[in-house]
Amino acid sequence: MESYVIGIGLHSPSKALADFRLEEIVYHTARAALDDAGVTRNQLDHVTLGASDEFDGRSISSMLMAMPAGAYLTDEIRVTDSGASAFCLATARLKSEEFDLGMVASWCKPSKTIVEVFMRLRGDPFFTRPLGINMSISDALFAQAVAKTFNVSDNEVCERVVKAYERAANNPRGMKYDVPSLNDIRESTLESTPLRIGHRAPITDGAVCMVLASERWLQRHPGHQPLARIAGVGWSTDSYRLGRNRLSDLVSAQKAWGQAVGNDPAKIDLIEIEAQTGYHEAAYVRAFKLSDSIKISPSGGAFAQNPLFCTGLVGAAEAILQVAGRAGPVQLPNVRCAAAHSCHGFAQQGNVVMIFEEPGIDHG
Amino acid sequence: MVETVGVLGTYQSNFKTREVDKTFAEQAQGAALGVLDASNMNPDDVDAIVFSLAPTAFMGVADADRWCIDHIFGAGKPMMRVHTGGATGGSAVHAANSLVRSGIFRSVMIVGAERISETPDAQKVLNQIFDPFYEKEMPLQTITTVAMMANAYMQRHGVKQEDLAHLVVRQRRSAMNNPHAHLKGEITIDDVMASPMISYPLKLFDCCPRSSGSAAMIIGNMDMVRKHQSHPAFINGTGGVSDSNWIGDRIVPTAHADFIDWKLMRVAGAECFRRAGIDDPINQIQVAEVYDAFSIQGLTQLEQLGFCSSGTAFRLERENAWDVNGAVAVCPSGGTLCSNPIAVSGLVRAIEAANQVMGTAGGHQVANVHNAVATSVGGIAQFLNCTVFGNDYVRTN
């Protein structure tokens, strides 16, 4: 059975959403998604949460967060990999024909967390943790590996970062940072070789919710117009060991791409890539073998907003808005099919790809 | 067209206080190898993995499922971690069921491990599950909140502490036939009554142990069932429900699902039974592996699932209705009361129910099991799920 996205809620990003409790942030975002879909909470038959206890600072975050996200006397499951992973499970639940109308909710408020402390806790206590691996170091190892494998130059990385900031500057749902110069990026502080602070997308707080509906539900509710058809989802995982091949081969990214896209990548007009650094964008463009005609992250991607745990799902929302013709100043013409990519874990251990098409497209 | 989903194999370790000889990743590896062996499968036969892991704060390794990727043959495979507190294992089964039923994957391994003994006091971690502004300071934790529920339930229905003790005696005895069980043995009602008071009316023997161990289950579509399992247990019904965290809102007369009688389970059970075509549970279901971290919890669920009317389950306990040879065999494994590796406790309930249907429960196998139900409970008794396994495939939707 086909499944569709019928409503989106995106919270305004901020460096620190200090005026709201996490519950309030998620409630308002879920409320916006319900209103956008034109449905009420009582109509939901399942909720899928994507959230991290460690980021939220709670042992079972969903205890307090499920209800603001719309899960009250409703089936609810939480996944802890990423917001995009929750989207994949929610899609499966619709396709299982056990459910018809669901909410996907994900959020992240890293401003109340020392991110690198959490990242260091991800290391196993015997080998990885004593080495001091954290996000910066693992991303730098990734950058070293892909730079060598794909001949990615520092100049290319800096140009990709500047262009991402330029696209993000037009995104009303982003932070609208000032666009740095190439020199600003090149001469920014070295973080962990070869990564400079300027290469990295600034971290923000944020939240995103979506209402998903089955084909059966839409047939029963003809007044509701879907924003996009979910044409494919794919996800995969790489080894925990940060060896040379593991870092450079991008196996899980390619597997996720293959599962989601199938045999027809040519149909894709644009892709929102979760690129935590310019190196990541350079790597994924090559891993997915994207043709020059496919536009990269018209929203600005993580350089527009970057609520780490749900950055990929925010990218999915941007892709859906493009398909629906609702992307505003960053809208591209004639978008019929958009992809969104998300990654999570040390040096992007996990990758997720989602494909969205115009609801009325002929699928053959 | 959705896929029929069957259990291909299961594995559980022997549960104990500490796993001193293995790391967490090795525990998970043991479960993965064990379930592959039980299913006559190799790693390439598994399309995807759902990792069952509750709070990582117990162990102090964030996202510890990632540590296990290579140990459980996850590299290069789709993998996701499910976490709904104590309900995690049941939710993981439901998530995996959706992944197969939807046709996205042919087979999914559900695997997890628990190492709660890494923390000196789990209840201090569990205090952190509550609202940071109002509740943490009280101090609420899982035992005190269940004790409040028990007091109200017992007063409402005239249940005595000795009635709870009767259940504890039965389940510790049942666990003697289960090599995986953590607590087991012949004890008396007097022993239970004499055990130290933890939070009135719950005494030490009314409470589950802190268990470490691992478990796994592989489920698959009919093609995989035909290849790998001659006596499958089909996943015929699933139902889950989530309620408010706020207990005050759940005990007032206007509550949508009364906390004291735990009517939330009625919501999950009704959906599960509807899907499985169960309309007369006491005559259609032979085994109930209900999630009972405390002696008060299992039988209250039976009432809401429709095995008996509200407030009567403990009277029926005294009449031995829930014995292995009674009307319904309730927790013939000893239940969560005898082994509680939180990350996989719900999964173990599902494994025990599936094993009973497949006829592979070993020393605690109940005769002539056609249907078995498993439940799990998470959060502050706010996340409930229910799964029916049957030896014939039945689906009403």
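Further up the page is the structure itself.
Residues numbered from 1 in each chain as written. Chains lettered and ligands numbered in written order. Predicted model: local features only at pLDDT ≥ 70, side-chain atom pairs only at ≥ 80, totals over all residues. Heavy atoms only, no water.

Structural notes on the overall build of chain A
Working step 1: Helices and strands together make up the secondary structure of chain A, namely 14 helices and 12 strands.
Working step 2: For 364 residues, the compact-globule formula gives about 21 Å, and the C-alpha radius of gyration of chain A, at 19 Å, lands near that figure.
Working step 3: Seen along its three principal axes, the alpha-carbon backbone of chain A occupies a region of about 55 × 45 × 35 Å.
Working step 4: Taken across its 364 residues, chain A has 65% of its residues classed as buried.
Working step 5: Long-range contacts, defined as pairs at least 24 residues apart, comprise 79% of the intrachain contacts of chain A with a sequence gap of at least 6.
Working step 6: Entry remark: accessible area of chain A is about 12200 Å², with carbon and sulfur atoms responsible for 50%.
Working step 7: Here chain A carries 35 positive and 41 negative side-chain charges, and the mean point of each set is 3 Å from the other. (Helix = DSSP H or I, 4+ residues; strand = E, 2+ residues; numbered from the N terminus. Rg over C-alpha atoms; globule rule 2.2 N^0.38 Å. Buried < 20%, exposed > 50% of the residue type's maximum accessible area, 1.4 Å probe, protein only. Contact = heavy atoms within 4.5 Å. Areas by Shrake-Rupley, 256 points an atom, 1.4 Å probe, with all protein chains shown as cover. Lys, Arg positive; Asp, Glu negative; His and termini not counted. Charge placed at Lys NZ, Arg CZ, Asp CG, Glu CD.)

Quick look at the pattern of salt bridges
Working step 1: In this structure the tally under the stated criterion is 42 salt bridges over all chains.
Working step 2: Across the pair Arg 81 of chain B and Asp 63 of chain B runs a salt bridge, and its minimum N-O distance is 3.7 Å. A residue pair is termed long-range when its members are at least 10 positions apart, and Arg 81 of chain B in strand β3 (residues 79-82) and Asp 63 of chain B in the loop between β2 (48-52) and α2 (64-67) qualify at 18 residues.
Working step 3: For Arg 156 of chain B, the salt bridge goes to Asp 261 of chain B, with nearest N and O atoms at 3.4 Å. Of the two residues, Arg 156 of chain B sits in helix α5 (residues 142-157) while Asp 261 of chain B sits in the loop between α9 (248-251) and α10 (264-276), which places them 105 residues apart along the sequence.
Working step 4: The network of salt bridges with common partners includes Glu 156, Arg 160, Arg 167, Glu 281 and Arg 286 of chain A. (Salt bridge = Lys/Arg side-chain N within 4 Å of Asp/Glu carboxyl O.)

With respect to the packing of α10 of chain B against helix α12 (residues 297-305) of chain B
Residues and elements named next belong to chain B.
Working step 1: Relative to each other, α10 and α12 sit at 55°, their axes nearing to 8 Å. Considering their axes alone, α10 and α12 lie oblique with respect to each other. In terms of crossing hand, the pair formed by α10 and α12 is right-handed. Every residue of α12 that contacts α10 at Met 265, Arg 266, Gly 269 and Phe 273 is listed here: Gln 301, Glu 303, Gln 304 and Leu 305.
Working step 2: Per-class residue counts for the contact of α10 with α12 are three nonpolar, three polar and two charged. (Axes fitted to C-alpha atoms, helices over the stretch in contact; angles between N-to-C directions. Parallel < 35°, antiparallel > 145°, perpendicular 65-115°, else oblique. Left-handed = near helix turned anticlockwise from the far one by under 90°. Nonpolar A, V, L, I, M, F, W, Y, C, P; charged D, E, K, R; others polar.)

Some words on unusual backbone geometry
Residues and elements named next belong to chain A.
Working step 1: A cis geometry characterises the amide bond from Thr 193 onward to Pro 194, with omega recorded as 5°.
Working step 2: Checked against the element boundaries, Pro 194 lands in the loop between β5 (190-192) and β6 (195-196).
Working step 3: Phi angles above zero are rare outside glycine, and Leu 73 is one such case at about 60°.
Working step 4: On the basis of relative accessible area, Leu 73 is assigned to the partly exposed category, the value being 28%.

Things to note about the packing of helix α3 (residues 88-101) of chain B against helix α14 (residues 342-358) of chain B
All names here are of chain B.
Working step 1: It is at 5 Å that the axes of α3 and α14 come closest, and there the two elements cross at 60°. With respect to α14, the element α3 is oriented oblique. Residues Thr 88, Gly 89, Gly 90 and Val 93 of α3 lie in contact with α14, whose contacting residues are Ala 343, Gly 346, Leu 347 and Ala 350.

Structural notes on the interface of chain B and chain A
Working step 1: Contacts between chain B and chain A engage 65 residues on the former and 53 residues on the latter.
Working step 2: In this assembly, chain B packs against chain A so that about 4900 Å² is buried in total across both faces, 55% of it on carbon and sulfur atoms.
Working step 3: Our count for the contact surface shared by chain B and chain A stands at five salt bridges.
Working step 4: For Asp 63 of chain B, the salt bridge identified is with Arg 122 of chain A, shortest N-O distance 2.9 Å.
Working step 5: Connecting chain B to chain A are 28 residue pairs in polar contact (both at pLDDT 80 or more).
Working step 6: Taken together, the elements giving at least two residues each to the side of chain B that touches chain A come down to α2, β3, α3, β8 (233-242) and α10 of chain B.
Working step 7: Ranked by the residues each element gives to the side of chain B that touches chain A, the list is headed by α3 of chain B, at seven residues. (Buried area = accessible area lost by both parts, 1.4 Å probe. Polar contact = N/O pair within 3.5 Å; in protein donor to acceptor, adjacent residues only side chain to side chain.)

Section: the nonpolar core
Working step 1: Core analysis: the biggest nonpolar cluster contains 217 residues, and Phe 87, Met 210 and Phe 356 of chain A together with Met 217, Trp 322 and Phe 389 of chain B have the highest contact counts within it.
Working step 2: At 11 residues, the largest contribution of residues to this core is made by α14 of chain B.
Working step 3: Of all hydrophobic cores here, the second largest spans 28 residues; its members include Ala 275, Ile 294, Ala 339 and Cys 343 of chain A. (Core = buried A, V, L, I, M, F, W, Y, C linked by side-chain atoms within 4.5 Å.)

Thoughts on helix α4 (residues 83-95) of chain A
Residues and elements named next belong to chain A.
Working step 1: Between its terminal C-alpha atoms α4 stretches 19 Å, which fits the 18 Å expected from 13 residues at 1.5 Å a residue.
Working step 2: Within α4 the residues assigned to the buried category are Gly 83, Ala 84, Ser 85, Ala 86, Phe 87, Cys 88, Leu 89, Ala 90, Thr 91, Ala 92, Arg 93 and Leu 94.
Working step 3: One or two positions beyond α4, positive phi appears at Glu 97, with a value near 65°. (Expected span 1.5 Å × (residues − 1).)

Observations concerning the side chain of Asn 355 of chain B
Working step 1: With respect to the helices and strands, Asn 355 of chain B occurs in helix α14.
Working step 2: Sequence-distant contacts of Asn 355 of chain B, that is, excluding residues within four places in its chain, are made with Thr 10, Gln 12, Thr 360, Ala 361 and Gln 365 of chain B.

Quick notes on a nonpolar patch on the surface
Working step 1: Nonpolar side chains collect at one region of the surface, where Ile 114, Val 117 and Leu 121 of chain A lie side by side and expose about 260 Å² of accessible area between them.
Working step 2: Structurally, Ile 114 of chain A can be placed in the loop between β4 (101-108) and α5 (115-121). (Patch = residues over 30% accessible without salt bridge, like charges linked within 9 Å, V, L, I, M, F, W, Y side chains within 5 Å.)

Considerations on the packing of aromatic side chains
Residue and element names in this part refer to chain A.
Working step 1: Taken as a whole, this structure holds 13 aromatic pairs over all chains when the rule is applied.
Working step 2: An angle of 35° between the planes, with centres 6.3 Å apart, marks the rings of Phe 142 and Tyr 284 as tilted. On the criterion of sequence distance, the pair formed by Phe 142 in helix α7 (residues 135-150) and Tyr 284 in helix α13 (residues 278-287) is long-range, its members being 142 residues apart.
Working step 3: Given a relative accessible area of 1%, Phe 142 falls into the buried group.
Working step 4: Arranged with centres 5.7 Å apart and planes meeting at 20°, the rings of Tyr 284 and Phe 288 form a pair that is stacked. Across the pair, Phe 288 and Tyr 284 agree in class, each one buried. (Phe/Tyr/Trp six-rings, centres within 6.5 Å; stacked < 30°, edge-to-face > 60°.)

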